[in-house]
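# Summary of structural features
Residue-level listing of the chains:
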Amino acid sequence: MRAVAVSAFGAEPQLMELPQPEPGPGEVLVRLSAAGVNPIDWKIADGMFGDPDTTSFPLVMGADGAGEVLAVGTGVRRFTAGDAVYGTFQRLRRGGGSYAELALADEQSLAHAARSVTYATSAAVPTAGMTAYNLVEETRIGEGSRVLVVGATGAVGTFVTQLAHGRGAEVIATARPVMADLMLTLGAVETVDHTAGPVADQVLAVHPDGVDVLIDLVSDAEAFTTMMRTVRDGGTAVSTIGAADADVLTDHNLRGFNFVNRPSPQLLEILAGHVDGGRLTVLVGREVPLEEAPAAVAEQRAGRAQGKTVLVM
C-alpha cells in the first residue's frame, strides 16, 4: 500500500510502499478515502509527543481519516466490513497513521461517518471537531454567554464558533476583513480584525463589561495574559497551547486552564449527527492527492496553509 511516512523523528516525509496491515484483537482495518491534515501531524513526526524507543518506524503520518471498513479483528462489535467510518488513526507504537491507503484503528477511535457529506469532509472533522466540542463543554458556554474566540478562522475556531452559537452564545471572533463575512455566516455576532490593533482594546471599547469566556487558540503566554483583560471578573479564560498560568488567573479572579483534549467515539457520533442535522458546517479549503502530502505538510509547518487541507487517496 502507498503511505506517507517518516523514517525517524525529524526526517522528511516521503511517499513509501509499505506492507498491508492486518487487524488484531479490537482493531479495525479501513480502506481510507481521505485524511485530514492537522498541525499535530508534523509535530508528532518531529518527535514533540513521542519516545523514539517506543515508536515504530517508518511512522505513517496523520491522525484523522475516513473510509470504508475492510475487516475487523476479534472482539470488535460496533463495526462490520462495508461500514463507512471516520476517526483517528495515529498510533506511535504500531507506526500507523492516516496518510495511507489502508490503516488500522482501535475500535474506540472510530464512529460511523456522517451520511450527508463526502469522506473528504468527514476526514476534516475528528481532531478539530472533538477539540471544539470539548472546549465548549468545559468552558460551560450556554444561552447568553459572551464568548471571545481568538484564532477563530482555523478549523477548531470555526467549529467552536458554530457550536457556541448553537447553544445560544454571543460569539466575538477574531478575523481579517476577508474572513469576516464567513465568520458571521457561521454564527459570530461580530468580528475583530486582529491586524488593526490590539484585540483586547478593540473588544473592551465595544464591551467595557468584558466577555464571559475567552477561548484562545493562538496566543503565547504574554499575549494570553493581555487577552485576559477582556474577561469579566469571575469569567473563564482557556488556552489550547499551554499559555495559561494558574497563578495569574487566580490573581485576576478568573477560572481557567490549559486545555487537554479528551477524544471519544461518543463525541465522534455526536459530531456526525451535527453534520447530518445541518448544525455543523465543515470547511475544506482544498483536496490534494496523497503524493502531495509532503508539500502540504511543509506549507502548514511554514504557516502558509490556507484553510483545511484534506488528502484524497
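In this report, we go over the structure that sits alongside the text. (Residues numbered from 1 in each chain as written. Predicted model: local features only at pLDDT ≥ 70, side-chain atom pairs only at ≥ 80, totals over all residues. Heavy atoms only, no water.)

## Here we look at the sheet that holds strand β9 (residues 146–150)
Strand order in this open sheet of 6 strands is β11-β10-β9-β12-β13-β14, and the pairing throughout is parallel. Of all the strands in the sheet, the pair left with one neighbour each is β11 (188–192) and β14 (255–258). Averaged over all pairs of adjacent strands, the angle between strand axes in this sheet comes to 20 degrees, irrespective of strand direction. Across 4 bridges, the pairing between strand β13 (residues 231–239) and β14 is parallel. Residue pairing in the sheet places serine 239 in a bridge with asparagine 258 of β14. On top of the sheet, helix α6 (residues 199–206) reaches β9, β10 (170–174), β11 and β12 (211–216); it is set at about 135 degrees to β11, its chief contact. (Pairing = 2+ DSSP bridges. Helix = DSSP H or I, 4+ residues; strand = E, 2+ residues; numbered from the N terminus. Axes fitted to C-alpha atoms, helices over the stretch in contact; angles between N-to-C directions. Contact = heavy atoms within 4.5 Å.)

## Thoughts on the packing of aromatic side chains
Inspection of every chain in the model, using the stated rule, returns 1 aromatic pair. Measuring from ring centre to ring centre gives 5.1 Å for phenylalanine 9 and phenylalanine 57, while their planes differ by 85 degrees; the resulting arrangement is edge-to-face. One end of the pair, phenylalanine 9, is in the loop between β1 (2–6) and β2 (14–17); the other, phenylalanine 57, is in the loop between α1 (39–45) and β4 (59–60), with 48 residues separating them in the sequence. Positioned above the aromatic ring of tyrosine 133 is the side chain of arginine 167, whose terminal nitrogen or guanidinium carbon lies 5.5 Å from the ring centre. (Phe/Tyr/Trp six-rings, centres within 6.5 Å; stacked < 30°, edge-to-face > 60°. Lys NZ or Arg CZ within 6 Å of the ring centre and 35° of its normal.)

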